[in-house]
Amino acid sequence: MQAHHGYEDGSGRFYITIDSQRCNGCEACVAVCPAQVLVMIEEDPMEQVLVAAVSDEHRRKIKESCAPCKPTGHDSPTLPCVAACESVAIQHSW
Amino acid sequence: MPTDTHTTEQHKEYWRWQENHWHDESIDWREGAILSAGVDVGSVSSQAVVMVDGRLYAWSSRRTGSNSPNSARDAMTWAQEHTGMQVQDIHFIVGTGYGRVNVPFAHKAITEIHCHARGANFMYGNQVRTILDMGGQDCKAIRCDDKGKVVAFQMNDKCAAGTGRGMEVFADLLQVPIDQVGPMSLDVEQEPPPVSTTCVVFAKSEASGLLRQGWAKEKVLAAYCSAMAHRVFALLDRVGVEREFAITGGIAKNTGVVKRIERELGFESIKSGIDSQLAGALGAALFGHALEQRQRAKR
Amino acid sequence: MIAAGIDMGAKNVKLVLLRDGQVVGRALSLAGFDAEQTARSVMAVALKEAGLHRAEVTRVIATGAGREDAPDKDGIMSEVGCAARGAFHLVPDVRTVIDIGAEEGRAIRCDEQGKVVDFAINEKCAAGVGAFTEAMARALEVKVEQLGPLSLRSTQAIPMNAQCVVFAESEVVSMIHNNVPRPDMARAVHDAVASRVIAMVRRVGCNPPVVLLGGVANNTGFVDSLRRGLETERLHVPENPEFVVALGAALAAASQA
């Protein structure tokens, strides 16, 4: 499942997409995020499988939370969460 | 919030009209093997659905009060009214929605995304593949398979654009009852350009300017509904739209937004005989049924 | 030599008159429905204050969201450039400029010559700008000018869940119903805007000294929240912070004349 966590408002679209079929539950992204944006959740109600997701606390201010990792003047910064994911399950829309 | 009493009372009347409950007198719940229920506590309205062996038995829909646990309890009590059923009789209760952690009598909490997909599959049939839910304070786009299992989703609950509250702000500005917004917005000879901004606050200033320029209310509403439809369409863009396509939630009743979305898509949304606001609670009740079934199978 | 800078903001039009590098006139008015007319009238007010005639003004530079609508201008400039220029003039060792307007916010990084090195903008969303505090003042039923002093009486920090002006209004209404003390709510409002502003600043990096501009800088509560969040004591709020962008435009006009 493709889960797009985040929001859009007048200033743009800010989503972190996690592909739960690729996510292997290793929790590397959770550990490496400097702002504790990511958490592990039981996404599928019928399975007891943990996958990565954006926490409720950060979802609505993801642009703010991720700002330290996305300084201006850097077109494609290497994001720690993306780099840590060996399954290539995480993508940022901005 | 604007303090115009006239509008506030109209709002109250609108929500009063919305409060409904129903149960199927032809079903005797005491003969059911599995009783399940779903309670969907939203920021604006709450619903409860009771199922007997996976068949729709009873439901209720009302305003969410300021206290979530009470809202959940009230929704449940109201659905069960005149049935003789008590909360304790139900084998598996699932809470969902914004206030799902505040359903004290629920056995499990499941996110609204999953409940909506499951509920839509029940309401619209197994051909539904894309669901757009526009609630009081959020907006979601969901792709599902023929079993109602989520394949992709995107939710926005940060920004008022595309939500019920965003629409209410406009209804207040123009002093139009919310259920008239749709029809009035369609009462234009030519579709005006949409308001240039997505942000409800800035759109409101823009609309005030348009009114001063002599635009009729209908034209301003058309411009706003057009911008909202476009904005919501962009939300769908990321998950992609596959038919059949269903719209649920309060704004599903706003013909002005619905028709414009259908126009942009080039096809109509699928309709259901069941109230569009029940999708979440329905799905929750279905999950309750499935989880109870599985629990019993393990024993 | 008389130069003028006019900042056609989304909400207010500001004008600064410079004579030989000194401010001799200053005027502000609500942009309203006819920004061009407002521009003419603020010019008239500032000229009167300075005891000058329009013909004596050598050069006019316009900036701000509505700069194209400014009448009788000799040139236009971006708000970013004007903000940096104005801030540098007042605080020569400035390294970070934060300009929060009614509808847009900017964070600017400058070098030791006041040149813009990098900038970030918060736009098209009412949540991180002046429109937020204005709406919250209305919801709290206080004047915007009272928000600051009210929030400084707060005894506890309460986070706001809402990230949107419209949802925040509902949240304030429900907090009022739950008898949350008004000072605490006012503080929550300032903490909320400050947090969004700080996120914007972090994108360019926060290097002190920091200069804060824009009408919201007059709000002592917001400044307090910002200072706490940026964790720096070297946050300067110049006098008449809402005029500094217009000052920058006037300085640019003077240097070009």
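Per chain, residue numbering runs from 1 following the sequence as it is written. The naming scheme follows written order: chains are lettered A onward, ligands numbered 1 onward. Local features are withheld for residues below a pLDDT of 70 in this predicted model, meaning they are given only at 70 or higher, and side-chain atom pairs are given and counted only at 80 or more; totals for whole chains, interfaces and linings count all residues. Side-chain numbers here rest on the full set of heavy atoms in the structure, without hydrogens or water.

1. Observations regarding the nonpolar core
One finds B:Ile261, C:Met160 and C:Leu226 to be the most contacted residues of the largest nonpolar core, which totals 92 residues. Whether two residues are in contact is decided by their heavy atoms: any pair within 4.5 Å suffices. Filtering out sequence-adjacent residues up to four positions away, C:Leu226 remains in contact with C:Ile98, C:Ala194, C:Val197, C:Ile198, C:Leu212 and C:Leu235. Counting 26 residues, the second-largest nonpolar core is a separate cluster that includes B:Trp59, B:Ile131, B:Ala281 and B:Ala285. We call a set of buried residues a nonpolar core when its members are Ala, Val, Leu, Ile, Met, Phe, Trp, Tyr or Cys and they connect through side-chain atoms within 4.5 Å of each other. Exposure classes here rest on a 1.4 Å probe applied to the protein chains alone. A residue is buried below 20% of its type maximum, exposed above 50%, and partly exposed in between.

2. Structural notes on the domain arrangement of chain C
All names here are of chain C. Partitioning chain C into structural domains gives domain 1 (1-91 + 242-257) and domain 2 (93-237). Tallying the contact residues gives 13 residues for domain 1 and 22 residues for domain 2. Counting the surface domain 1 buries against domain 2, the share from its top three residues, Val80, Phe88 and Val91, is 40%. The salt bridge definition used is simple: a Lys or Arg side-chain nitrogen within 4 Å of an Asp or Glu carboxyl oxygen. Here domain 1 is connected to domain 2 by two salt bridges. In this structure, the salt-bridge partner of glutamate 79 is arginine 106, at a minimum N-O distance of 3.5 Å. The term polar contact refers here to a pair of N or O atoms within 3.5 Å; inside protein, the definition further demands a hydrogen-donor-capable atom paired with an acceptor-capable atom, and it admits residues adjacent in sequence only when both atoms are side-chain atoms. Our count for the contact surface shared by domain 1 and domain 2 stands at five residue pairs in polar contact (both at pLDDT 80 or more). Labels follow the DSSP assignment, with helices taken as runs of H or I lasting at least four residues and strands as runs of E lasting at least two, numbered in each case from the N terminus. Secondary-structure elements contributing two or more residues to the side of domain 1 that touches domain 2 are α2 (79-90) and α8 (244-256). Tallying contributions element by element places α2 first for the side of domain 1 that touches domain 2, with seven residues. Taken together, the residues that form the side of domain 1 that touches domain 2 break down as nine nonpolar, one polar and three charged. Boundary definitions for the domains trace back to an automatic or database domain assignment. The term buried area denotes the loss of accessible surface (1.4 Å probe radius) that occurs when two parts are joined, taken as the sum for both partners. Any residue that is not Ala, Val, Leu, Ile, Met, Phe, Trp, Tyr, Cys, Pro, Asp, Glu, Lys or Arg is counted as polar, Gly included; the first ten are nonpolar and the last four charged.

3. Considerations on the interface of chain B and chain C
Taken together, the contact pairs 15 residues of chain B with 15 residues of chain C. Contact between chain B and chain C buries roughly 1,300 Å² in total, counting both sides, with carbon and sulfur atoms accounting for 69%. On inspection of chain B and its partner chain C, the count reaches zero salt bridges. For the side of chain B that touches chain C, the elements supplying multiple residues, two or more each, are α4 (164-174) and α6 (200-212) of chain B. Per element, the largest residue contribution to the side of chain B that touches chain C is four residues, and it comes from α6(B). Split by residue class, the side of chain B that touches chain C holds eight nonpolar, three polar and four charged.

4. Side note on the sheet that holds strand β4 (residues 57-63) of chain C
Residues and elements named next belong to chain C. Overall, mixed pairing links the five strands, which are arranged β3-β2-β1-β4-β5 in an open sheet. Bordering the open sheet on either side are β3 (22-30) and β5 (75-76), each of which pairs with just one other strand. Note on pairing: DSSP must find at least two bridges between two strands before they are called paired. With seven bridges joining them, strand β1 (residues 2-8) and strand β2 (residues 12-19) adopt antiparallel strand pairing. Bridge assignment links methionine 8 to a residue of β2, and that residue is valine 13. Docked against the sheet, α8 engages β1, β2, β3 and β4, running at close to 145 degrees with respect to β1. For helices, the axis comes from a line fit to the C-alpha atoms of the stretch in contact; other axes are also lines fit to C-alpha atoms, and the angle between any two N-to-C directions lies between 0 and 180 degrees.

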